Amino acid sequence: MANAQIQTENAPAAIGAYSQGILSGDTLYISGQLPLDPATGTIPADISDQTRQSIKNLFSILEKAGFEVSEVVKVTVYTTSIADFGSINAMYEEMFGSCKPARAVVGVKELPKNAKIEIELIAKH
C-alpha cells in the first residue's frame, strides 16, 4: 500500500523537505504546524492566537484528507514556554470541543520562525 501526500493551500506550505500530511492506510499523520497564516505568512504575537492558527492549519489538512476532528487520536504540542500552558489549553479546548484525543505538551527551547507553538497530530478512520 502506497502512502499518499496530503497538500492544501489552506495551510502553510512546507518550509522543508516534508509533507503537510501523509495518509498511510486509514491513518493520517500531520506534520507539525506552526501558527503561520497561509494567506499572509505572518505569525500572530499572542499565544492564544498562535494556538488557534496552528490548530486551524491542522484542521485544514485534516479536512483535505477527508477526516473529521472526532477521528484525531493523538496530538503533540511543542511550546517555547510551559508558562503559557493555561492559554494554550483554553484555546485547544475551544477548538477541539468535545474531542479529547491523547495529548502531550512538550517544552522546547525554540521553534522555527520564532513561533511560540507548533502542533502535530495523528488521526485514524
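As the structure is a computational prediction, the values presented were derived from the model and not from experiment. (Residues numbered from 1 in each chain as written. Predicted model: local features only at pLDDT ≥ 70, side-chain atom pairs only at ≥ 80, totals over all residues. Heavy atoms only, no water.)

A. Here's a closer look at the overall build of the protein chain. Secondary structure summary: the protein chain contains two helices and six strands in total. Walking the protein chain from its N terminus toward its C terminus, one meets helices and strands in the order β-β-β-α-β-α-β-β. Against the globule reference of 14 Å for 125 residues, the protein chain gives a C-alpha radius of gyration of 14 Å, in line with a compact fold. In terms of its C-alpha atoms, the protein chain occupies a principal-axis envelope of roughly 40 × 30 × 25 Å. Counting across all 125 residues of the protein chain, residues that qualify as buried make up 40%. (Helix = DSSP H or I, 4+ residues; strand = E, 2+ residues; numbered from the N terminus. Rg over C-alpha atoms; globule rule 2.2 N^0.38 Å. Buried < 20%, exposed > 50% of the residue type's maximum accessible area, 1.4 Å probe, protein only.)

B. Highlighting helix 2 (residues 85–96). If you check helix 2, its first and last C-alpha atoms are 16 Å apart, about what twelve residues at 1.5 Å a residue would give, namely 16 Å. Listed in full, the buried residues belonging to helix 2 are Ile88, Met91, Tyr92 and Phe96. Projected onto a plane normal to the axis of helix 2, the buried residues spread over an arc of 120° and lie on a single side. Looking one or two residues past helix 2, Gly97 carries a phi angle of roughly 60°, positive in sign. (Expected span 1.5 Å × (residues − 1). Arc of directions from axis to C-beta.)

C. Main features of the packing of aromatic side chains. Under the definition given, this model contains two aromatic pairs. Ring geometry for Phe59 against Phe96: centres 5.2 Å apart, planes inclined by 80°, an arrangement best described as edge-to-face. Placement of the pair is Phe59 in helix 1 (residues 47–64) and Phe96 in helix 2, with a sequence separation of 37 residues. Exposure class is identical for Phe59 and Phe96. Each is buried. (Phe/Tyr/Trp six-rings, centres within 6.5 Å; stacked < 30°, edge-to-face > 60°.)

Purely geometric stuff here, so don't read any function into it on its own.
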